[in-house]
Amino acid sequence: MSSYQFLHPGDALPNAVIAASKTRKIAFLVGSPLSMQESADAPQVPGVSAMVTLIREHIPAESQATFDAERPHHKANEYQWAMHFLQGRGDKAASENVVREAVLRARLDRQKDGAATDDQLDQDYRGWALPPATEHLGQLLVEQADKFGPVLTTNFDPLISASIKVAGGDFHRTLVVNDSPFGHTTPSSNSTHIIHLHGYWHKSPTLHTGPQLTRNRDQVAAELVQILQNHTLVVVGYGGWDDIFTKTLSAIDSDRHKDVDILWAFYNEEDDAVLEARYRNLFNKVPNLRGNTGLRCYRGINCHKFFPELRKQFGASIASQSPPPSTVRQPPHPSIPIASTSRAPGPATSPPSSAAKPPEPVASASDHTASPSVPKTDGTGSPPKSGSRRILPFAAAALIAGGVAAVWPSPSKGVSNDVFVVQTPRNLRPVQPPPPTATAPVPVPASTLRSVRQQHQVVAASDAERGARVSQLPRGRYAFVPMSTVPTYSANTPIYGPIQEGIELHRALSDGSLYLVGYADAPTITALGYPNPAPIVITPTPSNRRAQVASIPVSRMATAEVRMDKGVRVLVLNLN
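Residues numbered from 1 in each chain as written. Predicted model: local features only at pLDDT ≥ 70, side-chain atom pairs only at ≥ 80, totals over all residues. Heavy atoms only, no water.

(A) Main features of the sheet that holds strand 11 (residues 459-460). Ordered in space as 11-12-13-14-16, the 5 strands form an open sheet in which the pairing is mixed. Two strands lie at the open edges of the sheet, namely strand 11 and strand 16 (548-553), each paired on one side alone. Bridging between strand 11 and strand 12 (residues 477-482) involves 2 bridges; their strand directions are parallel. From the neighbouring strand, Ala460 faces strand 12, where its bridge partner is Tyr478. Contacting strand 12, strand 13 (502-507), strand 14 (514-520) and strand 16, helix 18 (residues 449-456) crosses the sheet at an angle of about 30° to strand 13. (Pairing = 2+ DSSP bridges. Helix = DSSP H or I, 4+ residues; strand = E, 2+ residues; numbered from the N terminus. Contact = heavy atoms within 4.5 Å. Axes fitted to C-alpha atoms, helices over the stretch in contact; angles between N-to-C directions.)

Dropping the structure here:
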């Protein structure tokens, strides 16, 4: 047990979150306290002790005496032990039945629900009792969508989803019960990604026991590492189960993963030594993170007070940063194409009725695969006419010069934000093609996806011939690899049919060479024609900014990482 001070006071946590949000997005990991109310008699999902009592009610009567006799010996992990006891003596669906009953205790009016199906209840967002922490978390995610998300949770209930819908936002949900990538499921930047690490109460298995929670899931672990590297993670109401998350943390290398930044909130208001002893099992698993600033711990955090306070302070910090209105008349801005966004309507309220009837479900982005947003423009943006015609030749000359500068950035002016807007890693330099010289190669012309496929002589691999990993992809075929798996690319990387955030992988018919195919901007396409180009940035789908097809030989790929560019995940490749 250490004698040094490592805990920070609870009132410092909102300041740390606000400071971190200035350079990267904030992800959350939350646990069962966010599903519990401050009042014990309010509708809520039961806590650990009440859950164990509920589990006992589902155990066959002849085994309850044995359960009662053994329970005192398993106080350290009585929930997992109780579920294991039930699974050995009840039917196959026993644990799912317990979870369903526990979640439905968070309904506001069970009598009013009547004969509603679980599907209808799941989507009746206003029918759930939202604890203060969850309500304010949902509002924060909607109000500051560019700063917060995704949300990882070990909870089985829909309360976080409901809080987002009630706040006027939208969400999409991933249930992580098998070993499969989940980073490619994002339908839009306006939809909060909720990742249920232990399953979900409806139409999903749920994970409870040690063997279920700690089994090897390499693809899930890889996704968690990507979240840790690209976000500051705030942990609230989670004590560090023996599960896939803590298993991933224990494998984090503080030298190789320098960008990991975890702010961990502990409920207990205790001295450092006492709290360290209470959570010894957790701290023993993360010695690499504790040795630097990768893990910062905070004491005395009540989640139902923290999230309202964070939302209040974050709103105040945004207001204080807003510049005063300018009295200088600015020139009109040119028309810039922007991606259209849509927001699902909030749940409709129905008039009271004495007869019980199923609640009206509200559509959500989580119920279907979202299509890419349709670009739209905001007008012509034409500048006003001048009162003097004599300045027109000079204005035209300035516009022409500006246009040339946009195509060929001047080395004396540094890096143009129009060339590379991803936050540049410390060890990378932005994509910037050299200016043209007499010996410079001709820029590579833009290609269409169809022409690249024709060039490689590939067609889509059928399910029967595709195989499960890269090494099994036949010549003359293409498949997709999740963007999140490219940083750990190997012959065993899994391949799929069309998926969201999937990078096309071509195996050329002529020589079997492999190519990653994605979308890039014009400077990146030009840079590919030069030896040893700066880091290359591609995306799985086209956008206004990145609309040209880039074909990159896998043999040239030295390293890769997934990063965020204004809320959009991009793949940054270093080529040799």
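(B) View of the packing of aromatic side chains. Within this structure, the stated rule accounts for 16 aromatic pairs. Ring centres of Phe6 and Phe283 lie 5.4 Å apart, and the angle between their planes is 85°; this geometry places the pair in the edge-to-face category. Taken as a pair, Phe6 in the segment before strand 1 (7-8) and Phe283 in helix 14 (residues 280-283) lie far apart in primary sequence, 277 residues in all. Among the residues examined, Phe283 registers a relative accessible area of 4% and is labelled buried. Taking the centre distance of 5.9 Å and the plane angle of 80° together, the rings of Tyr238 and Phe245 count as edge-to-face. The burial state of Tyr238 is the same as that of Phe245; both residues are buried. A network of ring pairs unites the aromatic residues Phe6, Tyr238, Phe245, Trp264, Phe266, Tyr279 and Phe283 as a single cluster. Across from the ring centre of Phe85, 3.6 Å away, lies the NZ or CZ of Arg89, which sits over that ring. Sitting above the plane of the Trp128 ring, Arg107 keeps its charged end 4.7 Å from the centroid. (Phe/Tyr/Trp six-rings, centres within 6.5 Å; stacked < 30°, edge-to-face > 60°. Buried < 20%, exposed > 50% of the residue type's maximum accessible area, 1.4 Å probe, protein only. Lys NZ or Arg CZ within 6 Å of the ring centre and 35° of its normal.)

(C) A look at the side chain of Arg24. On the secondary structure map, Arg24 appears in the loop between helix 1 (13-20) and strand 2 (25-30). As a buried residue without a salt bridge, Arg24 has its nearest oppositely charged side chain in Asp261, at a separation of 4.7 Å. Only 2.4 Å separates the side chain of Arg24 from the backbone oxygen of Gln229, close enough to count as a polar contact. A polar contact of 3.5 Å, which involves the side chain of Arg24, links it to the backbone oxygen of His231. When neighbours within four sequence positions are excluded, Arg24 is seen to be in contact with Leu228, Gln229, Asn230, His231, Thr232, Asp259 and Asp261. (Lys, Arg positive; Asp, Glu negative; His and termini not counted. Salt bridge = Lys/Arg side-chain N within 4 Å of Asp/Glu carboxyl O. Polar contact = N/O pair within 3.5 Å; in protein donor to acceptor, adjacent residues only side chain to side chain.)

(D) How the structure looks around unusual backbone geometry. The linkage connecting Gly149 with the following residue, Pro150, adopts the cis geometry, with an omega of 10°. Considering the arrangement of structural elements, one finds Pro150 in strand 3 (residues 148-153). Non-glycine residue Lys203 carries a positive phi angle of around 55°. Of note, Lys203 is situated in the loop between strand 5 (191-196) and helix 10 (210-214). The phi dihedral of Gln457 falls on the positive side, at around 55°, and the residue is not glycine.

(E) Broad picture of the sheet that holds strand 15 (residues 536-538). One open sheet accounts for 3 strands, arranged 15-18-17; its pairing is antiparallel. Lying at the two open borders of the sheet, with one neighbouring strand each, are strand 15 and strand 17 (557-565). The average angle at which neighbouring strand axes cross in this sheet is 30°, direction not considered. Two elements, strand 17 and strand 18 (residues 568-575), share 8 bridges in a ladder whose sense is antiparallel. Bridging from a neighbouring strand, Ala560 pairs with Leu573 of strand 18.

(F) Focus on the pairing of strand 13. Along strand 13, 6 of the 6 residues are buried, which leaves the element largely enclosed by surrounding structure. Of the two faces of strand 13, the one lined by Gly502, Glu504 and His506 and the one lined by Ile503, Leu505 and Arg507 are each fully buried. As paired elements, strand 12 and strand 13 share 6 bridges and run antiparallel to each other. Bridge pairing in strand 13 links Ala479 to Leu505. Pairing of strand 13 with strand 14, which is carried by 4 bridges, proceeds in the antiparallel orientation. Within strand 14, the residue paired with Glu504 across the bridge is Val517.

Geometric descriptors of this kind do not, in isolation, establish any biological role.
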